[in-house]
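Here are the chains, one letter per residue:
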Amino acid sequence: MNSSPGGLDRRHFLRNTGVAALAIFGGGVLAACSSAVNQSKGGGDDNAQPVKGGTLKYGVLVDLVPANILTNTGTTPYVVGLVFESLVRYPHDKLDPQPLLAKSWTLAPDGRSIALVLRDDVKFHSGRAFTSKDVEFSLRTYADPKWSAQLKSTAAAITGFDTTDPHQITLTFAQPLGNIFDLLDTVPILDSESIDQLATADKIIGTGPFRFVQRIPNQQLVFEKNPNYWVPDRPYLDRVELSIISDNNAQLNALKTGQIHFADGITYRDNENLGKTDGYRVVTYEGAEVQMYVGVNVANPALADVKLRQAIAYAIDRDRIINEVFRGAGYALNLPWPKTSPAFDDTRNTRFKRDLTKAKQVLSELPKPPKLPLAFTAGYATYEATAQIVQANLAEIGIETELVPTDNATFVKQLIGGQFPGLWVTDHSWAQFTPSTLTASAYPFNARKNTSHFESPAYVAAADAAWQLPQGTGPDAQRAYGVLSDQLLDGLWLIEIGVRFAQGTTSKNLHAVNWTKRRELALTDTFLA
(Lines give C-alpha, C1' and ligand atoms only; values in the text may rest on other atoms or scores of the structure.)
Protein backbone atom coordinates (compact mmCIF):
# COMPACT_ATOMS: atom_id res chain seq x y z
CA MET A 1 0.00 0.00 0.00
CA ASN A 2 1.63 2.33 1.49
CA SER A 3 1.61 4.45 3.79
CA SER A 4 -0.23 7.85 4.01
CA PRO A 5 0.56 11.19 5.16
CA GLY A 6 -1.14 13.82 6.99
CA GLY A 7 -1.16 17.46 6.91
CA LEU A 8 -3.33 17.63 3.97
CA ASP A 9 -6.98 17.24 3.73
CA ARG A 10 -8.14 14.61 6.06
CA ARG A 11 -5.61 12.09 5.12
CA HIS A 12 -4.35 9.67 7.46
CA PHE A 13 -2.60 6.80 6.04
CA LEU A 14 0.50 5.77 4.40
CA ARG A 15 2.17 8.56 6.01
CA ASN A 16 5.40 7.89 5.40
CA THR A 17 8.15 7.84 2.87
CA GLY A 18 10.58 9.56 0.66
CA VAL A 19 11.82 10.42 -2.74
CA ALA A 20 14.69 9.38 -4.85
CA ALA A 21 16.27 6.08 -5.47
CA LEU A 22 18.58 4.20 -3.25
CA ALA A 23 22.20 4.14 -4.26
CA ILE A 24 23.45 0.84 -2.90
CA PHE A 25 27.21 0.69 -2.82
CA GLY A 26 28.11 -2.77 -4.02
CA GLY A 27 31.35 -3.43 -2.25
CA GLY A 28 33.89 -2.30 0.28
CA VAL A 29 33.17 -0.28 3.33
CA LEU A 30 30.13 1.94 3.25
CA ALA A 31 31.09 4.04 6.21
CA ALA A 32 28.44 6.63 6.84
CA CYS A 33 30.06 9.36 8.85
CA SER A 34 27.69 12.28 9.06
CA SER A 35 25.90 13.19 12.27
CA ALA A 36 22.76 11.23 13.03
CA VAL A 37 20.95 14.41 13.91
CA ASN A 38 22.34 16.71 11.23
CA GLN A 39 19.39 16.48 8.87
CA SER A 40 17.61 18.99 6.70
CA LYS A 41 14.94 20.79 8.68
CA GLY A 42 11.52 22.11 7.88
CA GLY A 43 9.08 24.38 9.59
CA GLY A 44 10.75 27.71 8.93
CA ASP A 45 13.71 28.12 11.28
CA ASP A 46 14.19 31.86 10.48
CA ASN A 47 17.28 32.22 12.73
CA ALA A 48 15.38 31.57 15.96
CA GLN A 49 17.59 30.38 18.82
CA PRO A 50 16.67 27.04 20.42
CA VAL A 51 14.73 27.27 23.67
CA LYS A 52 14.48 24.41 26.15
CA GLY A 53 11.15 23.30 27.58
CA GLY A 54 7.51 23.61 26.64
CA THR A 55 4.74 21.35 25.43
CA LEU A 56 4.08 20.86 21.73
CA LYS A 57 0.37 20.37 21.05
CA TYR A 58 -0.29 18.55 17.81
CA GLY A 59 -3.68 17.91 16.22
CA VAL A 60 -4.02 14.56 14.43
CA LEU A 61 -7.00 13.22 12.55
CA VAL A 62 -7.19 9.67 13.85
CA ASP A 63 -6.30 7.74 16.97
CA LEU A 64 -3.49 5.23 17.18
CA VAL A 65 -4.44 1.66 16.25
CA PRO A 66 -1.88 -0.16 18.41
CA ALA A 67 -2.01 -3.42 16.46
CA ASN A 68 -0.97 -1.48 13.33
CA ILE A 69 2.17 -0.05 14.94
CA LEU A 70 4.43 -1.52 12.22
CA THR A 71 2.21 -0.71 9.24
CA ASN A 72 2.89 3.03 8.69
CA THR A 73 -0.82 3.79 8.61
CA GLY A 74 -2.91 6.34 10.46
CA THR A 75 -1.19 7.99 13.41
CA THR A 76 1.42 5.26 13.89
CA PRO A 77 4.21 7.16 12.05
CA TYR A 78 3.94 10.00 14.56
CA VAL A 79 4.17 7.64 17.52
CA VAL A 80 7.01 5.64 15.96
CA GLY A 81 8.96 8.82 15.22
CA LEU A 82 8.68 10.04 18.80
CA VAL A 83 9.37 6.79 20.66
CA PHE A 84 11.49 4.60 18.40
CA GLU A 85 14.64 4.80 16.29
CA SER A 86 16.03 2.77 13.41
CA LEU A 87 19.58 1.74 12.56
CA VAL A 88 20.06 4.27 9.76
CA ARG A 89 18.13 7.25 8.46
CA TYR A 90 17.84 8.60 4.95
CA PRO A 91 18.01 12.36 4.42
CA HIS A 92 15.01 13.94 2.74
CA ASP A 93 16.49 14.45 -0.69
CA LYS A 94 18.21 11.16 -1.46
CA LEU A 95 18.58 7.55 -0.45
CA ASP A 96 22.00 7.84 1.10
CA PRO A 97 21.86 6.11 4.52
CA GLN A 98 23.20 8.09 7.46
CA PRO A 99 24.11 6.77 10.93
CA LEU A 100 21.54 6.54 13.67
CA LEU A 101 21.73 3.55 16.03
CA ALA A 102 24.30 2.01 13.67
CA LYS A 103 27.53 4.03 13.55
CA SER A 104 28.99 2.42 10.41
CA TRP A 105 28.63 -0.65 8.21
CA THR A 106 30.29 -2.81 5.58
CA LEU A 107 28.20 -4.23 2.77
CA ALA A 108 29.66 -7.36 1.15
CA PRO A 109 30.61 -7.00 -2.55
CA ASP A 110 28.10 -9.70 -3.54
CA GLY A 111 25.31 -7.98 -1.61
CA ARG A 112 24.63 -11.06 0.52
CA SER A 113 25.64 -9.75 3.96
CA ILE A 114 26.21 -6.59 5.92
CA ALA A 115 28.17 -5.96 9.11
CA LEU A 116 27.02 -3.08 11.32
CA VAL A 117 28.78 -1.35 14.21
CA LEU A 118 26.25 -0.18 16.79
CA ARG A 119 26.25 2.69 19.25
CA ASP A 120 27.27 1.62 22.76
CA ASP A 121 25.68 4.54 24.63
CA VAL A 122 21.99 3.91 23.94
CA LYS A 123 19.37 2.77 26.44
CA PHE A 124 15.73 1.88 26.18
CA HIS A 125 13.26 4.01 28.11
CA SER A 126 13.17 1.23 30.70
CA GLY A 127 16.89 1.76 31.38
CA ARG A 128 18.06 -1.43 29.66
CA ALA A 129 21.09 -1.12 27.36
CA PHE A 130 20.61 -1.47 23.59
CA THR A 131 22.61 -4.37 22.08
CA SER A 132 22.90 -6.44 18.93
CA LYS A 133 20.34 -8.88 20.36
CA ASP A 134 17.76 -6.09 20.13
CA VAL A 135 18.52 -5.65 16.44
CA GLU A 136 17.97 -9.35 15.84
CA PHE A 137 14.75 -9.32 17.87
CA SER A 138 13.41 -6.29 16.02
CA LEU A 139 14.14 -7.67 12.56
CA ARG A 140 12.64 -11.06 13.43
CA THR A 141 9.55 -9.40 14.92
CA TYR A 142 9.15 -7.18 11.87
CA ALA A 143 9.23 -10.29 9.65
CA ASP A 144 6.45 -11.95 11.66
CA PRO A 145 3.28 -11.89 9.49
CA LYS A 146 1.07 -11.11 12.50
CA TRP A 147 2.34 -7.51 12.49
CA SER A 148 1.50 -6.96 8.78
CA ALA A 149 4.68 -4.92 8.27
CA GLN A 150 5.10 -3.98 4.66
CA LEU A 151 8.80 -4.80 4.27
CA LYS A 152 8.39 -8.15 6.03
CA SER A 153 9.49 -10.09 2.93
CA THR A 154 12.83 -8.28 2.96
CA ALA A 155 13.20 -8.88 6.70
CA ALA A 156 12.35 -12.56 6.16
CA ALA A 157 15.18 -12.82 3.61
CA ILE A 158 17.69 -12.34 6.44
CA THR A 159 18.85 -15.87 7.21
CA GLY A 160 21.69 -15.26 9.66
CA PHE A 161 22.30 -13.06 12.70
CA ASP A 162 25.77 -12.96 14.27
CA THR A 163 25.36 -11.20 17.64
CA THR A 164 28.56 -12.44 19.28
CA ASP A 165 29.57 -8.84 20.00
CA PRO A 166 26.85 -6.82 21.78
CA HIS A 167 27.84 -3.74 19.77
CA GLN A 168 28.17 -5.35 16.34
CA ILE A 169 25.89 -7.49 14.21
CA THR A 170 26.38 -9.25 10.90
CA LEU A 171 23.30 -10.03 8.84
CA THR A 172 23.39 -12.73 6.16
CA PHE A 173 20.86 -12.80 3.32
CA ALA A 174 19.27 -15.59 1.30
CA GLN A 175 19.87 -13.47 -1.82
CA PRO A 176 21.30 -10.07 -2.69
CA LEU A 177 18.97 -7.40 -1.29
CA GLY A 178 19.18 -4.22 -3.30
CA ASN A 179 16.82 -2.57 -0.82
CA ILE A 180 18.53 -3.57 2.44
CA PHE A 181 19.02 0.04 3.55
CA ASP A 182 15.29 0.67 3.04
CA LEU A 183 14.71 -2.03 5.65
CA LEU A 184 17.33 -0.69 8.06
CA ASP A 185 15.85 2.80 7.74
CA THR A 186 12.32 1.50 8.36
CA VAL A 187 12.44 -1.12 11.13
CA PRO A 188 12.05 0.46 14.60
CA ILE A 189 14.23 -1.03 17.31
CA LEU A 190 11.75 -2.73 19.64
CA ASP A 191 11.92 -3.67 23.30
CA SER A 192 11.68 -7.45 23.72
CA GLU A 193 10.66 -7.15 27.37
CA SER A 194 7.46 -5.21 26.63
CA ILE A 195 6.55 -6.52 23.16
CA ASP A 196 3.39 -8.26 24.42
CA GLN A 197 2.07 -4.89 25.58
CA LEU A 198 2.98 -3.02 22.40
CA ALA A 199 -0.01 -4.25 20.39
CA THR A 200 -2.37 -2.93 23.07
CA ALA A 201 -0.43 0.30 23.73
CA ASP A 202 -0.19 -0.53 27.43
CA LYS A 203 3.54 -0.01 27.00
CA ILE A 204 5.36 1.55 24.06
CA ILE A 205 9.08 1.44 24.83
CA GLY A 206 11.88 2.44 22.47
CA THR A 207 15.17 4.33 22.49
CA GLY A 208 13.85 7.57 20.97
CA PRO A 209 13.80 11.17 22.21
CA PHE A 210 10.36 10.89 23.85
CA ARG A 211 8.79 8.38 26.23
CA PHE A 212 5.19 7.25 25.90
CA VAL A 213 3.17 8.31 28.96
CA GLN A 214 -0.55 7.93 28.35
CA ARG A 215 -3.24 7.14 25.83
CA ILE A 216 -6.87 8.17 26.21
CA PRO A 217 -8.58 6.36 23.32
CA ASN A 218 -9.97 8.69 20.65
CA GLN A 219 -8.83 11.71 22.64
CA GLN A 220 -5.12 12.06 23.34
CA LEU A 221 -1.63 10.53 23.31
CA VAL A 222 0.98 11.99 25.66
CA PHE A 223 4.78 11.78 25.46
CA GLU A 224 7.49 13.24 27.70
CA LYS A 225 11.15 14.02 27.13
CA ASN A 226 13.53 11.08 27.48
CA PRO A 227 15.96 12.36 30.15
CA ASN A 228 18.57 9.76 29.21
CA TYR A 229 18.54 10.29 25.46
CA TRP A 230 21.88 9.57 23.82
CA VAL A 231 22.02 12.86 21.89
CA PRO A 232 23.40 15.48 24.33
CA ASP A 233 20.96 18.19 25.44
CA ARG A 234 18.12 16.81 23.32
CA PRO A 235 15.25 16.96 22.87
CA TYR A 236 14.46 20.59 23.62
CA LEU A 237 10.76 20.00 24.21
CA ASP A 238 9.57 18.67 27.57
CA ARG A 239 6.36 17.15 26.30
CA VAL A 240 4.38 16.34 23.16
CA GLU A 241 0.60 15.93 23.21
CA LEU A 242 -1.23 14.46 20.23
CA SER A 243 -4.90 15.44 20.31
CA ILE A 244 -7.32 13.54 18.08
CA ILE A 245 -9.26 16.22 16.20
CA SER A 246 -11.04 14.33 13.46
CA ASP A 247 -12.42 17.26 11.50
CA ASN A 248 -10.55 19.54 9.07
CA ASN A 249 -12.30 22.71 10.16
CA ALA A 250 -11.93 21.88 13.85
CA GLN A 251 -8.18 21.51 13.37
CA LEU A 252 -8.07 24.81 11.51
CA ASN A 253 -9.92 26.56 14.32
CA ALA A 254 -7.74 24.93 16.98
CA LEU A 255 -4.62 26.21 15.23
CA LYS A 256 -6.03 29.71 14.79
CA THR A 257 -7.10 29.94 18.44
CA GLY A 258 -3.77 28.66 19.77
CA GLN A 259 -5.11 25.38 21.15
CA ILE A 260 -2.55 23.51 19.03
CA HIS A 261 0.78 24.48 17.49
CA PHE A 262 0.79 21.92 14.69
CA ALA A 263 -2.00 20.38 12.58
CA ASP A 264 -1.91 17.36 10.28
CA GLY A 265 -5.42 17.65 8.85
CA ILE A 266 -5.96 21.10 7.37
CA THR A 267 -7.13 20.99 3.76
CA TYR A 268 -4.95 22.00 0.84
CA ARG A 269 -7.23 24.92 0.09
CA ASP A 270 -7.00 26.23 3.67
CA ASN A 271 -3.23 25.68 3.66
CA GLU A 272 -3.07 27.72 0.48
CA ASN A 273 -4.68 30.60 2.38
CA LEU A 274 -2.68 30.11 5.59
CA GLY A 275 0.56 30.19 3.61
CA LYS A 276 -0.25 33.81 2.73
CA THR A 277 -1.10 34.74 6.32
CA ASP A 278 1.29 36.04 8.98
CA GLY A 279 1.63 33.79 11.98
CA TYR A 280 1.56 30.42 10.20
CA ARG A 281 3.83 28.17 8.21
CA VAL A 282 2.87 25.43 5.78
CA VAL A 283 5.36 22.57 5.93
CA THR A 284 5.68 20.53 2.74
CA TYR A 285 7.05 17.09 3.54
CA GLU A 286 9.76 16.90 0.93
CA GLY A 287 11.06 13.40 0.50
CA ALA A 288 7.84 11.94 1.88
CA GLU A 289 5.60 12.23 -1.16
CA VAL A 290 2.73 9.83 -1.64
CA GLN A 291 0.84 8.73 -4.74
CA MET A 292 -2.93 8.71 -5.24
CA TYR A 293 -4.38 5.80 -7.19
CA VAL A 294 -7.51 3.86 -8.07
CA GLY A 295 -7.29 0.25 -6.93
CA VAL A 296 -9.03 -2.56 -8.80
CA ASN A 297 -10.11 -5.98 -7.54
CA VAL A 298 -9.41 -8.13 -10.58
CA ALA A 299 -11.25 -11.05 -8.95
CA ASN A 300 -14.46 -9.14 -9.65
CA PRO A 301 -15.66 -10.70 -12.97
CA ALA A 302 -16.47 -7.30 -14.46
CA LEU A 303 -12.98 -6.00 -13.69
CA ALA A 304 -11.11 -9.16 -14.69
CA ASP A 305 -10.78 -7.99 -18.30
CA VAL A 306 -7.81 -5.63 -18.62
CA LYS A 307 -9.65 -3.72 -21.34
CA LEU A 308 -12.13 -2.39 -18.79
CA ARG A 309 -9.23 -1.30 -16.60
CA GLN A 310 -7.67 0.42 -19.63
CA ALA A 311 -10.89 2.33 -20.27
CA ILE A 312 -10.88 3.50 -16.66
CA ALA A 313 -7.23 4.58 -16.96
CA TYR A 314 -7.95 6.61 -20.11
CA ALA A 315 -10.98 8.28 -18.50
CA ILE A 316 -9.41 9.66 -15.32
CA ASP A 317 -8.70 13.39 -15.35
CA ARG A 318 -5.47 13.33 -13.38
CA ASP A 319 -4.62 16.97 -13.93
CA ARG A 320 -7.99 18.08 -12.57
CA ILE A 321 -7.49 16.03 -9.41
CA ILE A 322 -3.99 17.42 -8.83
CA ASN A 323 -5.06 21.00 -9.48
CA GLU A 324 -8.43 21.04 -7.70
CA VAL A 325 -8.03 18.60 -4.83
CA PHE A 326 -4.34 19.17 -4.07
CA ARG A 327 -4.15 22.79 -5.25
CA GLY A 328 -1.26 21.97 -7.58
CA ALA A 329 0.87 20.33 -4.88
CA GLY A 330 1.83 17.37 -7.02
CA TYR A 331 1.89 16.09 -10.59
CA ALA A 332 0.10 13.49 -12.71
CA LEU A 333 1.56 9.99 -13.23
CA ASN A 334 0.72 6.71 -14.96
CA LEU A 335 3.37 4.81 -12.98
CA PRO A 336 4.13 4.98 -9.25
CA TRP A 337 7.68 6.33 -9.54
CA PRO A 338 8.28 9.97 -8.60
CA LYS A 339 10.49 12.08 -10.85
CA THR A 340 13.52 11.54 -8.63
CA SER A 341 13.34 7.73 -8.88
CA PRO A 342 15.73 5.80 -11.15
CA ALA A 343 12.60 3.99 -12.37
CA PHE A 344 10.94 7.19 -13.63
CA ASP A 345 10.45 7.13 -17.39
CA ASP A 346 8.55 9.99 -18.99
CA THR A 347 7.72 8.01 -22.13
CA ARG A 348 6.17 5.09 -20.27
CA ASN A 349 4.55 7.51 -17.85
CA THR A 350 2.21 8.98 -20.49
CA ARG A 351 0.70 5.77 -21.89
CA PHE A 352 -2.72 6.42 -20.32
CA LYS A 353 -3.16 10.15 -20.74
CA ARG A 354 -6.80 11.22 -20.50
CA ASP A 355 -8.51 10.33 -23.78
CA LEU A 356 -12.29 9.90 -23.65
CA THR A 357 -12.49 8.84 -27.29
CA LYS A 358 -10.04 6.01 -26.72
CA ALA A 359 -11.73 5.08 -23.45
CA LYS A 360 -15.13 4.77 -25.15
CA GLN A 361 -13.62 2.82 -28.05
CA VAL A 362 -12.07 0.26 -25.68
CA LEU A 363 -15.30 0.06 -23.69
CA SER A 364 -17.35 -0.55 -26.85
CA GLU A 365 -15.60 -3.90 -27.28
CA LEU A 366 -16.93 -5.14 -23.93
CA PRO A 367 -20.32 -6.01 -22.44
CA LYS A 368 -21.78 -3.15 -20.44
CA PRO A 369 -20.29 -3.40 -16.94
CA PRO A 370 -22.53 -3.45 -13.85
CA LYS A 371 -22.50 -0.58 -11.38
CA LEU A 372 -19.19 -0.83 -9.54
CA PRO A 373 -18.58 0.04 -5.86
CA LEU A 374 -15.96 2.77 -5.36
CA ALA A 375 -14.70 2.87 -1.76
CA PHE A 376 -12.87 5.69 0.01
CA THR A 377 -12.11 6.61 3.61
CA ALA A 378 -15.11 8.41 5.07
CA GLY A 379 -14.75 11.92 6.40
CA TYR A 380 -11.49 12.71 4.60
CA ALA A 381 -11.91 15.56 2.16
CA THR A 382 -8.97 14.49 -0.02
CA TYR A 383 -10.23 10.99 -0.61
CA GLU A 384 -13.86 12.00 -0.97
CA ALA A 385 -13.13 14.74 -3.50
CA THR A 386 -10.86 12.43 -5.51
CA ALA A 387 -13.48 9.67 -5.52
CA GLN A 388 -16.15 12.12 -6.69
CA ILE A 389 -14.03 13.24 -9.65
CA VAL A 390 -13.22 9.63 -10.55
CA GLN A 391 -16.93 8.80 -10.38
CA ALA A 392 -17.75 11.71 -12.70
CA ASN A 393 -14.95 10.75 -15.11
CA LEU A 394 -16.20 7.17 -15.38
CA ALA A 395 -19.79 8.33 -15.87
CA GLU A 396 -18.57 10.28 -18.92
CA ILE A 397 -17.73 7.00 -20.66
CA GLY A 398 -20.76 5.07 -19.40
CA ILE A 399 -19.33 3.29 -16.34
CA GLU A 400 -21.60 3.69 -13.32
CA THR A 401 -20.12 3.62 -9.82
CA GLU A 402 -21.52 3.80 -6.31
CA LEU A 403 -19.47 5.71 -3.75
CA VAL A 404 -18.84 3.69 -0.59
CA PRO A 405 -17.62 5.84 2.34
CA THR A 406 -15.73 3.51 4.70
CA ASP A 407 -14.47 4.21 8.20
CA ASN A 408 -10.70 4.35 8.64
CA ALA A 409 -10.20 1.12 10.59
CA THR A 410 -12.35 -0.89 8.18
CA PHE A 411 -10.67 0.62 5.14
CA VAL A 412 -7.19 -0.33 6.41
CA LYS A 413 -8.43 -3.84 7.21
CA GLN A 414 -9.87 -4.22 3.72
CA LEU A 415 -6.69 -2.87 2.16
CA ILE A 416 -4.41 -5.26 4.02
CA GLY A 417 -6.79 -8.20 3.59
CA GLY A 418 -7.71 -7.61 -0.04
CA GLN A 419 -11.41 -7.28 0.78
CA PHE A 420 -12.58 -4.49 -1.54
CA PRO A 421 -15.30 -5.85 -3.85
CA GLY A 422 -14.66 -3.45 -6.73
CA LEU A 423 -12.76 -0.14 -6.94
CA TRP A 424 -11.22 2.04 -4.24
CA VAL A 425 -9.40 5.35 -4.00
CA THR A 426 -6.50 5.98 -1.63
CA ASP A 427 -2.79 6.66 -1.74
CA HIS A 428 0.40 4.68 -1.32
CA SER A 429 4.00 5.36 -0.47
CA TRP A 430 7.21 3.28 -0.83
CA ALA A 431 7.75 4.32 -4.46
CA GLN A 432 10.12 6.94 -3.06
CA PHE A 433 12.43 4.21 -1.79
CA THR A 434 14.37 1.72 -3.89
CA PRO A 435 11.92 0.75 -6.66
CA SER A 436 12.08 -2.94 -5.79
CA THR A 437 10.74 -2.23 -2.30
CA LEU A 438 7.37 -1.26 -3.73
CA THR A 439 6.81 -4.46 -5.67
CA ALA A 440 8.32 -6.76 -3.06
CA SER A 441 6.54 -5.21 -0.10
CA ALA A 442 3.67 -2.73 -0.45
CA TYR A 443 0.19 -4.22 -0.03
CA PRO A 444 -1.22 -2.99 -3.36
CA PHE A 445 1.88 -3.96 -5.35
CA ASN A 446 3.22 -7.14 -3.73
CA ALA A 447 3.96 -9.52 -6.59
CA ARG A 448 2.95 -12.64 -4.66
CA LYS A 449 -0.06 -11.41 -2.71
CA ASN A 450 -1.64 -8.02 -3.26
CA THR A 451 -4.86 -6.19 -2.45
CA SER A 452 -6.13 -6.56 -6.02
CA HIS A 453 -5.69 -10.36 -6.20
CA PHE A 454 -3.62 -9.83 -9.34
CA GLU A 455 -1.46 -12.82 -10.24
CA SER A 456 1.16 -13.03 -12.97
CA PRO A 457 4.31 -15.19 -13.23
CA ALA A 458 5.86 -12.52 -15.45
CA TYR A 459 5.25 -9.85 -12.82
CA VAL A 460 6.70 -12.06 -10.08
CA ALA A 461 9.79 -12.67 -12.21
CA ALA A 462 10.23 -8.95 -12.93
CA ALA A 463 9.76 -8.00 -9.26
CA ASP A 464 12.24 -10.65 -8.09
CA ALA A 465 14.83 -9.64 -10.71
CA ALA A 466 14.69 -6.02 -9.54
CA TRP A 467 14.72 -6.95 -5.84
CA GLN A 468 17.69 -9.32 -6.05
CA LEU A 469 20.11 -6.88 -7.66
CA PRO A 470 23.25 -6.24 -5.61
CA GLN A 471 22.90 -2.53 -6.46
CA GLY A 472 19.77 -0.43 -6.71
CA THR A 473 21.13 1.89 -9.41
CA GLY A 474 23.14 1.58 -12.61
CA PRO A 475 22.45 0.11 -16.07
CA ASP A 476 21.31 -3.31 -14.80
CA ALA A 477 18.88 -1.66 -12.40
CA GLN A 478 17.53 0.66 -15.08
CA ARG A 479 16.78 -2.29 -17.36
CA ALA A 480 15.13 -4.21 -14.53
CA TYR A 481 12.95 -1.24 -13.59
CA GLY A 482 11.88 -0.81 -17.22
CA VAL A 483 10.63 -4.40 -17.33
CA LEU A 484 8.89 -3.87 -14.00
CA SER A 485 7.18 -0.71 -15.25
CA ASP A 486 5.92 -2.49 -18.34
CA GLN A 487 4.38 -5.18 -16.14
CA LEU A 488 2.58 -2.53 -14.09
CA LEU A 489 1.21 -0.85 -17.21
CA ASP A 490 0.20 -4.09 -18.91
CA GLY A 491 -1.50 -5.53 -15.81
CA LEU A 492 -3.08 -2.24 -14.74
CA TRP A 493 -4.57 -3.60 -11.50
CA LEU A 494 -3.63 -0.25 -9.96
CA ILE A 495 -4.37 2.92 -11.88
CA GLU A 496 -2.10 5.72 -10.78
CA ILE A 497 -3.37 9.28 -10.52
CA GLY A 498 -0.29 11.19 -9.41
CA VAL A 499 2.15 12.32 -6.75
CA ARG A 500 0.78 14.37 -3.92
CA PHE A 501 3.01 16.40 -1.61
CA ALA A 502 1.83 15.98 1.97
CA GLN A 503 1.57 19.12 4.09
CA GLY A 504 1.35 20.13 7.71
CA THR A 505 0.62 23.53 9.22
CA THR A 506 2.29 25.17 12.22
CA SER A 507 2.16 28.38 14.19
CA LYS A 508 5.26 30.51 13.66
CA ASN A 509 6.52 29.95 17.19
CA LEU A 510 7.25 26.30 16.34
CA HIS A 511 10.70 25.76 14.83
CA ALA A 512 12.89 23.01 13.36
CA VAL A 513 10.13 20.52 12.60
CA ASN A 514 11.58 17.44 10.94
CA TRP A 515 10.32 14.13 9.56
CA THR A 516 11.44 10.87 8.01
CA LYS A 517 10.66 9.49 4.58
CA ARG A 518 7.63 7.77 6.08
CA ARG A 519 6.52 11.06 7.62
CA GLU A 520 7.40 9.94 11.09
CA LEU A 521 7.84 12.87 13.44
CA ALA A 522 11.50 13.65 14.10
CA LEU A 523 11.33 16.30 16.83
CA THR A 524 14.75 15.91 18.42
CA ASP A 525 15.70 19.50 17.54
CA THR A 526 12.22 21.03 17.55
CA PHE A 527 11.49 23.93 19.91
CA LEU A 528 8.92 26.57 20.77
CA ALA A 529 10.04 30.19 20.81
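The notes below deal with the structure included here. (Residues numbered from 1 in each chain as written. Predicted model: local features only at pLDDT ≥ 70, side-chain atom pairs only at ≥ 80, totals over all residues. Heavy atoms only, no water.)

**A word on the overall build of the chain**
Within the chain, the regular secondary structure consists of 15 helices and 22 strands. Against the globule reference of 24 Å for 529 residues, the chain gives a C-alpha radius of gyration of 22 Å, in line with a compact fold. Once the C-alpha set of the chain is aligned to its principal axes, its extents read approximately 65 × 55 × 40 Å. Counting only residues that meet the buried cut, the chain has 63% of its 529 residues in that class. In the chain, the share of contacts with a sequence separation of at least 24, taken over all contacts with a separation of at least 6, comes to 75%. Only carbon and sulfur atoms are counted for the fraction: they give 48% of the accessible area of the chain, which is about 18300 Å². (Helix = DSSP H or I, 4+ residues; strand = E, 2+ residues; numbered from the N terminus. Rg over C-alpha atoms; globule rule 2.2 N^0.38 Å. Buried < 20%, exposed > 50% of the residue type's maximum accessible area, 1.4 Å probe, protein only. Contact = heavy atoms within 4.5 Å. Areas by Shrake-Rupley, 256 points an atom, 1.4 Å probe, with all protein chains shown as cover.)

**Topic: the pattern of salt bridges**
When the charged atoms of two side chains lie near each other, side chains of opposite charge can form a pair. Counted by the stated rule, this structure contains 25 salt bridges. For the salt bridge of Asp121 with Arg119, the shortest nitrogen-to-oxygen distance reads 2.9 Å. Here Asp121 falls in the partly exposed class, since its relative accessible area comes to 36%. Asp317 is the salt-bridge partner of Arg354, the closest N and O atoms lying 3.7 Å from each other. (Salt bridge = Lys/Arg side-chain N within 4 Å of Asp/Glu carboxyl O.)

**Focus: unusual backbone geometry**
Here Arg234 and Pro235 are connected by a cis peptide whose omega angle stands at -5°. Within the secondary structure, Pro235 sits in the loop between β10 (220-225) and β11 (239-244). In this structure, Asn72 is a non-glycine residue whose phi angle is positive, near 60°. Tracing the sequence through the fold places Asn72 in the loop between β2 (55-60) and α1 (76-83). You will see that Ala201, though not glycine, has its phi angle at about 65°, which is positive. Position of Ala201 among the secondary structure elements: in the loop between α5 (195-198) and β9 (210-216). Here Ala201 falls in the buried class, since its relative accessible area comes to 7%.

**Considerations on the sheet that holds strand β16 (residues 372-377)**
Pairing within the open sheet is mixed, and its 6 strands lie in the order β15-β19-β14-β18-β16-β17. The open sheet has two free edges, formed respectively by β15 (330-332) and β17 (401-406), since each of these has just one partner strand. Going from strand to strand, the sheet's axes swing by 25° on average, the running direction of each strand aside. Of the strand pairs in this sheet, β16 and strand β18 (residues 423-428) are connected by 2 bridges, and their pairing is parallel. By the bridge assignment for β18, Leu374 is matched with Leu423. (Pairing = 2+ DSSP bridges. Axes fitted to C-alpha atoms, helices over the stretch in contact; angles between N-to-C directions.)

**Describing the packing of helix α8 (residues 306-315) against helix α10 (residues 356-363)**
For the pair α8 and α10, interaxial distance at closest approach is 8 Å and the crossing angle is 165°. Relative to α10, the element α8 is oriented roughly antiparallel. The chirality of how α8 crosses α10 is left-handed. Across from Lys307, Leu308, Gln310, Ala311, Tyr314 and Ala315 in α8, the residues of α10 making contact are Leu356, Lys358, Ala359, Val362 and Leu363. Grouping the amino acids of the contact of α8 with α10 by side-chain chemistry returns 8 nonpolar, 1 polar and 2 charged. (Parallel < 35°, antiparallel > 145°, perpendicular 65-115°, else oblique. Left-handed = near helix turned anticlockwise from the far one by under 90°. Nonpolar A, V, L, I, M, F, W, Y, C, P; charged D, E, K, R; others polar.)

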